[in-house]
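Architecture at a glance
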Amino acid sequence: MANNSNRASIFEITTTFDEGSKGGTRQKTTTNVVINTNRLWYGKDSTVSAFLATAYDKQGNKVDSMEGYFLEPEVNYDCAEVAGGDKAIMYGTYNVVPRKYSWQRYKWYVDKVPGRSGIAIHRGNDGEDTEGCLMPGTDFYYDNNINDYKIKDSGNKEKELFDFFDKYGSNGIVINISV
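Predicted, not measured: the structure shown is a model, and the values here were computed from it.

So, on to the packing of aromatic side chains. Following the criterion strictly, the structure yields ten aromatic pairs and no others. Relative to F70, the ring of F51 has its centre 4.5 Å away and its plane inclined at 25°; by these criteria the two rings are stacked. Here F51, found in strand β2 (residues 46-56), pairs with F70, found in strand β3 (residues 62-73); they are 19 residues apart in sequence, far enough to count as distant. Residue classification places F51 among the buried residues on the basis of a relative accessible area of 0%.

The following block contains the structure:
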């Protein structure tokens, strides 16, 4: 089982909305869902990020949220922008878009990743399943037999996340990946 001692503080991530020091006004947005991820655990061939997906109304008021974990390939920033690389993508902010073409395998993609294409959010269990993508899960653990991390209950978390996107993401979804 993963070390849970850091989990309470990992979701204390500031959103793109400013409460304002005077008057408490919020910024308006056209993006309905913001996913903040924080890469926290690094394995031999994998990376685990905690995420908080938050839905906002048009005035920037929080209306719902969900949390989980992403499993990605290992982090190697020298190769993060190399086409066909099976490494974690570079940290930064990206749009998440639905598949554009019927031939695309997955439902949601991380768009305009420098040097990369086809970075999807999809189910899977370990580093071999990532294909350079992000795999959601309810939890994770370190597998001593392979000396690497695995994600738990990916299929159910994928469904929950995609339902969240479908319900709240009509005006856009962004993902902020931080280290």
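What follows picks up the thread again.
Across the sheet, which stays open at both edges, the eight strands sit in the order β6-β5-β4-β10-β1-β2-β3-β7 with mixed pairing between neighbours. A strand with exactly one partner marks an edge of an open sheet, and here the two such strands are β6 (120-121) and β7 (135-137). When β3 meets β7, the two strands line up antiparallel, connected through three bridges. Across the sheet, the residue bridging to Y69 is G137, located in β7. Against the sheet, helix α2 (residues 154-168) touches β1 (33-42), β2, β3, β4 (92-98), β5 (108-111), β6, β7 and β10 (173-178), its axis set at about 140° to β3.

All right, on to the pattern of salt bridges then. In this structure the tally under the stated criterion is nine salt bridges. We note a salt bridge from E72 to R39, for which the minimum N-O separation is 2.8 Å. In this pair, E72 is assigned in strand β3 and R39 in strand β1, connecting sequence segments 33 residues apart. For the pair E72 and R39, one class covers both residues: buried.

The end-to-end C-alpha separation of α2 is 21 Å, in line with the 21 Å expected for 15 residues at 1.5 Å each. For α2, the complete set of buried residues consists of S154, K157, E158, L161, F162, F164, F165 and Y168. Buried residues along α2 cover an arc of 150° about the axis, so they all sit on one side. In α2, the exposed residues that point more than 90 degrees away from the buried face are N156, K159 and K167.

As a further point, take unusual backbone geometry. Of note in the backbone geometry, N147 takes a positive phi value of approximately 55° without being a glycine. Position of N147 relative to the elements: it lies in the loop between β8 (139-143) and β9 (148-152).

Residues with a pLDDT of 70 or more make up 83% of the chain, whose mean pLDDT is 82. Taken as a whole, residues 1-29 scores under 50 in pLDDT and shows 50 contacts with residues more than four places along the chain or in a different chain.

A few words on the layout of surface pockets. Its volume calculated, the largest pocket comes out at about 310 Å³. Elements represented by at least two residues in the lining of the largest pocket include exactly β4 and β5. The dominant element in the lining of the largest pocket, judged by the number of residues it contributes, is β5, at three residues. When its volume is computed, the second largest pocket comes out at roughly 190 Å³. Every residue lining the second largest pocket is listed: K44, D45, P73, E74, D86, K87, D126, G127, E128, I146, D148 and Y149. Contributions of two or more residues to the lining of the second largest pocket are made by α1 (127-130) and β9. Tallied by class, the residues present in the lining of the second largest pocket amount to three nonpolar, one polar and eight charged.

What counts and what doesn't
Residues numbered from 1 in each chain as written. Predicted model: local features only at pLDDT ≥ 70, side-chain atom pairs only at ≥ 80, totals over all residues. Heavy atoms only, no water. Phe/Tyr/Trp six-rings, centres within 6.5 Å; stacked < 30°, edge-to-face > 60°. Helix = DSSP H or I, 4+ residues; strand = E, 2+ residues; numbered from the N terminus. Buried < 20%, exposed > 50% of the residue type's maximum accessible area, 1.4 Å probe, protein only. Pairing = 2+ DSSP bridges. Contact = heavy atoms within 4.5 Å. Axes fitted to C-alpha atoms, helices over the stretch in contact; angles between N-to-C directions. Salt bridge = Lys/Arg side-chain N within 4 Å of Asp/Glu carboxyl O. Expected span 1.5 Å × (residues − 1). Arc of directions from axis to C-beta. pLDDT = per-residue confidence, 0-100. 1 Å grid on protein atoms, 1.4 Å probe; cavity = no way out; pocket = protein on both sides within 12 Å on 5 of 7 lines; lining within 4 Å. Points joined across faces, edges and corners; volume = space filled by probe spheres on them. Nonpolar A, V, L, I, M, F, W, Y, C, P; charged D, E, K, R; others polar.

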